[in-house]
Amino acid sequence: TLSHTTLFRSADRQKKFIKGHNVLKTKSGSKPLSKAKELEKKKAEEEETAAALRVTWIGFGANIVLSVGKGVAGTISGSAAMVADAVHSLSDTVSDVVTLVTVRLARRPADDKLPYGYGRAEPISSLVISGLVTAAGAGIGYHSFETLTEIISGQSQGILTNAPLAFAAAGLGVAVKEVLYHMTV
């Protein structure tokens, strides 16, 4: 995890590794970690960070392409739903930027400013991302309400001019998101 304390549970004992102190705490007491264990732990953290950054960068690129593609397809086809999905993909892109910054920040070692480390950046970024998703959802809902009001009042007929294009963009979006999901599992 990105927190400064990582917990491991087993049937017979609980281990607790406190980052920056190089001590393994068990119910029977504390003992310093060997240099080999320290290097192994550091290498595993670096590999985890690299994997998280790689997947997030791929998702960032995919979300930009999806956002532009869905926006164009939605505008050409007259599909308000596709335009809304483009906005959603754009909000995913912003979330990816927050995630990239957070992964780098949370992995920083403890220092004089934050002696317990930067692990608390993760829950703060989760709150920021939740706010972004909520704002995007509210914007999409507002746009949908306006479009529905225009159709009911007769100001707009709400005609979908190119349904195959809209369906193709939607299908491509689902396929790309499915691939991204399996990359993170």
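Here the structure is shown first, and the text comes after it.
Our subject in this report is the structure included herewith. (Residues numbered from 1 in each chain as written. Predicted model: local features only at pLDDT ≥ 70, side-chain atom pairs only at ≥ 80, totals over all residues. Heavy atoms only, no water.)

### Focus on the overall build of the protein
A tally of regular secondary structure across the protein gives 4 helices and 4 strands. Listing each helix as α and each strand as β along the protein from the N terminus yields β-β-β-β-α-α-α-α. Residues classed as buried in the protein amount to 26% of the 185 residues present. For the protein, contacts bridging at least 24 residues in sequence account for 57% of all contacts bridging at least 6. When the accessible area of the protein is evaluated, it comes to approximately 12,200 Å², of which 65% is carbon and sulfur surface. (Helix = DSSP H or I, 4+ residues; strand = E, 2+ residues; numbered from the N terminus. Buried < 20%, exposed > 50% of the residue type's maximum accessible area, 1.4 Å probe, protein only. Contact = heavy atoms within 4.5 Å. Areas by Shrake-Rupley, 256 points an atom, 1.4 Å probe, with all protein chains shown as cover.)

### Observations regarding the packing of aromatic side chains
Overall, the coordinates contain 1 aromatic pair when judged by the stated rule. Between Arg108 and the ring centre of Tyr118, over which it is positioned, the NZ or CZ distance is 4.3 Å. (Phe/Tyr/Trp six-rings, centres within 6.5 Å; stacked < 30°, edge-to-face > 60°. Lys NZ or Arg CZ within 6 Å of the ring centre and 35° of its normal.)

### Overview of helix 3 (residues 121-153)
Compared with the 48 Å implied by 1.5 Å per residue over 33 residues, the 48 Å span of helix 3 between its first and last C-alpha is a close match. Of the residues trailing helix 3, Gly154 is marked for its positive phi of about 90°. (Expected span 1.5 Å × (residues − 1).)

### Some words on the environment of Thr134
As for its position among the elements, Thr134 is in helix 3. Judged by its relative accessible area of 56%, Thr134 falls in the exposed class. The spatial distance from the C-alpha of Thr134 to the C-alpha of Ser91 is 9.8 Å, given a sequence separation of 43 residues. In this structure the side chain of Thr134 is engaged in a polar contact, spanning 2.8 Å, whose partner is the backbone oxygen of Ser130. (Polar contact = N/O pair within 3.5 Å; in protein donor to acceptor, adjacent residues only side chain to side chain.)

### Looking at the pattern of salt bridges
Under the definition given, this model contains 4 salt bridges. Taking the shortest distance from any N to any O, the salt bridge between Lys70 and Asp85 comes out at 2.8 Å. A residue pair is termed long-range when its members are at least 10 positions apart, and Lys70 in helix 1 (residues 35-77) and Asp85 in helix 2 (residues 80-106) qualify at 15 residues. With relative accessibility at 5%, the residue Lys70 sits in the buried group. (Salt bridge = Lys/Arg side-chain N within 4 Å of Asp/Glu carboxyl O.)

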